[in-house]
Amino acid sequence: MRILSTPIAAPVEWPAARPPGVSPDLLPAFLFPPGTDALRAKLINPETLVVTTGQQPGLFTGPLYTIYKALSAAALAKQLEERWDRPVQAVFWIAGDDHDFAEANHLGWPAADGVSGVTLRHRESDAALTPMYREPLGPEVVAALERFEQELPGGEFKAEVVDWLGRYYQPAVTVAESFAGALAELLAPHGVLCFISTHHAAKRAGARHIIKALGLARDLDQDLGRRSRELIAAGADPGVPVGDAATLVMLESAAGRDRLVIDGDGFISRRGGVRFSLAELQAIAAEFPERLSANVLLRPVIESALLPTVAYMAGPGELRYLALTTPIYDRMRIHRQLPLPRWSGVMVEPRVDRTLTKYGADVDELLAPGGALEARVVRAQLPKDALEAFSDLRARIIAGYERIEPVAVGVDPTLKKPVESARQHALSESQDLEKRLIQHLKRRQETELKQIERAREAILPSGKPQERVFGIASYLARYGSGILDEVRAAIEPWYRTALEAQPQSS
């Protein structure tokens, strides 16, 4: 397996330290799989700082970038430990409040003939927006796991991976719980702990910050509107609409997770249309804190309020909207952790490399638009005489019209455009003839071209980034857990090189 770095276009900087220490009250919200005694000891060290990342739950641990985020956090934590000479723990924030089932219900994997995958089921557009920590996987997950097992080629690691997924992904288990359990077991050997943000301990600790955000809702709405305009004026995309009187808080009700909107001196739920006073929401926070949650802009602020986090490893979409959050930290007087780009990369399997070697190509040419590699391969099969003949024909057309044009213009200046049009038509006809010849060759070389197509699908499945379509499970089944060590071996030096170029904070 060859792993290529494809960096996100964002600077990597040194974070600044902050007051350390994880509250003991939050320990029940962390998952500690077997063998994590050392990580637990580091977490409870009063000098410990934290590097975080997170993601909404997904099927079979979700897309590859979920793993890349976690290992990016571990890589940065390791660098900071070495530079600061103090404990720094990588933490993965399980965003179980998220209600986007369309993002969590599916996963793809590379198949012999291209791309395969499964979808659990679809949620109707008018259905309650149940958060993932309350959404059961349902009986569909059994068939999904069976299909995953059937479609993957046999190997010494396949049974182990299917058993690992089967322990967590069961019909009665929620999407978030299965994701958290499987991910915690997978990431613990790489120094990453998972934090259940929907655990009662986390909800209880975050409730006062949620209420504070509601109390400041009008000021925050104005602040975010100004910040959004500043970013747009600077040519940046804020990523999230703001300034529309919507608060940063969601409330669970009969309509599922529902956005609270400013309504006079109180609030109204957007979907349910139920009105609440601030006092009523304070009562809910005190008795049922699980019903309240932060939206994407408030979530990192709550995270920094609960944990001594110095940096958050983010994807490109997150980096856009995290630039919008500055006034929330300022208004709520909470330390702002530094948003940094997660590592991004591509797994190039041996079968892909064999195809590239066969045709003397690299990944860039394979991914070039317009089927550039296929065109080159087919053109290489054209008889030399044909290539020379087409080239000579075009040269003669150009030369001939260069002679005709001044003669025609001399007779009548208005003939200049018709001559140019005729020349372009003649050239186009010659190109069409060449394309027809190439199409005939393509049909004769169908096997070779399918090899290239399968290689491209393994790296750019369905025209989308590999890290957003495929999950880690299929690679684990074929190559074993050592594949994570190989990803780490690509990530760690990349961050080291990027950070060494920056002035050091302490």
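These numbers were taken from a predicted model, which means no experiment stands behind them.

Draft legend 1. Fine view of the packing of helix H2 (residues 64-84) against helix H21 (residues 482-500). H21 packs onto H2 with a crossing angle of 50° between their chain directions and a minimal axis gap of 9 Å. On the basis of the axis angle, H2 is oblique to H21. At the point where H2 passes H21, the crossing takes the right-handed sense. For the pair formed by H2 and H21, the contact residues are Ile67, Tyr68, Leu71, Ser72, Ala75, Leu76, Lys78, Gln79 and Arg83 on the first element and Leu484, Val487, Arg488, Ile491, Glu492, Tyr495, Arg496, Leu499 and Glu500 on the second.

Draft legend 2. Structural context of the sheet that holds strand S13 (residues 309-314). An order of S2-S7-S4-S3-S13-S14 is seen for the six strands of this open sheet, with the pairing classed as mixed. Of all strands in the sheet, those with a lone pairing partner are strand S2 (30-31) and strand S14 (338-341), marking the two edges. Pairing geometry for strand S3 (residues 49-55) and strand S4 (residues 88-94), over seven bridges, is parallel. Pairing of Val51 across the sheet is with Ala90, part of S4. In the packing of H2 onto the sheet, contacts are made with S3, S4, strand S7 (192-196), S13 and S14, and the angle to S3 comes to roughly 170°.

Draft legend 3. Here's a closer look at the pairing of strand S6 (residues 114-119). The pairing of strand S5 (residues 106-111) with S6 spans six bridges and is antiparallel. Residue Ala111 lies in a different strand from S6, and its bridge partner there is Gly114. Linkage of S5 to S6, two consecutive antiparallel strands, is achieved through a turn of two residues.

Draft legend 4. Region of the structure containing helix H9 (residues 278-287). Turning to H9, its buried residues number three or more, namely Leu281, Ile284 and Ala285. Viewed end-on, H9 has its buried residues packed into an arc of 100°, placing them on one side of the element. The exposed residues of H9 that point more than 90 degrees off its buried face are Ala286 and Glu287. Elements in contact with the buried residues of H9: helix H7 (200-215), strand S8 (246-253), strand S9 (256-263), strand S10 (266-269), strand S11 (275-276) and strand S12 (292-294).

Draft legend 5. Local environment of the nonpolar core. Membership of the largest hydrophobic core comes to 77 residues, with the highest contact counts inside it found for Phe60, Phe148 and Ile472. With sequence-adjacent residues up to four places away left out, Phe148 is seen in contact with Phe60, Trp109, Val161, Val162, Leu165, Ala473 and Ser474. Ranked by size, the runner-up nonpolar core spans 54 residues in total, among them Leu39, Ile210, Leu307 and Tyr329.

Draft legend 6. Molecular detail of the side chain of Thr198. Mapping Thr198 onto the fold places it in the loop between S7 and H7. By relative accessible area, which is 11% here, Thr198 ends up buried. Among residues more than four places away in sequence, those in contact with Thr198 are Gly96, Asp97, Tyr133, Lys203 and Glu290.

Conventions adopted
Residues numbered from 1 in each chain as written. Predicted model: local features only at pLDDT ≥ 70, side-chain atom pairs only at ≥ 80, totals over all residues. Heavy atoms only, no water. Axes fitted to C-alpha atoms, helices over the stretch in contact; angles between N-to-C directions. Helix = DSSP H or I, 4+ residues; strand = E, 2+ residues; numbered from the N terminus. Parallel < 35°, antiparallel > 145°, perpendicular 65-115°, else oblique. Left-handed = near helix turned anticlockwise from the far one by under 90°. Contact = heavy atoms within 4.5 Å. Pairing = 2+ DSSP bridges. Buried < 20%, exposed > 50% of the residue type's maximum accessible area, 1.4 Å probe, protein only. Arc of directions from axis to C-beta. Core = buried A, V, L, I, M, F, W, Y, C linked by side-chain atoms within 4.5 Å.

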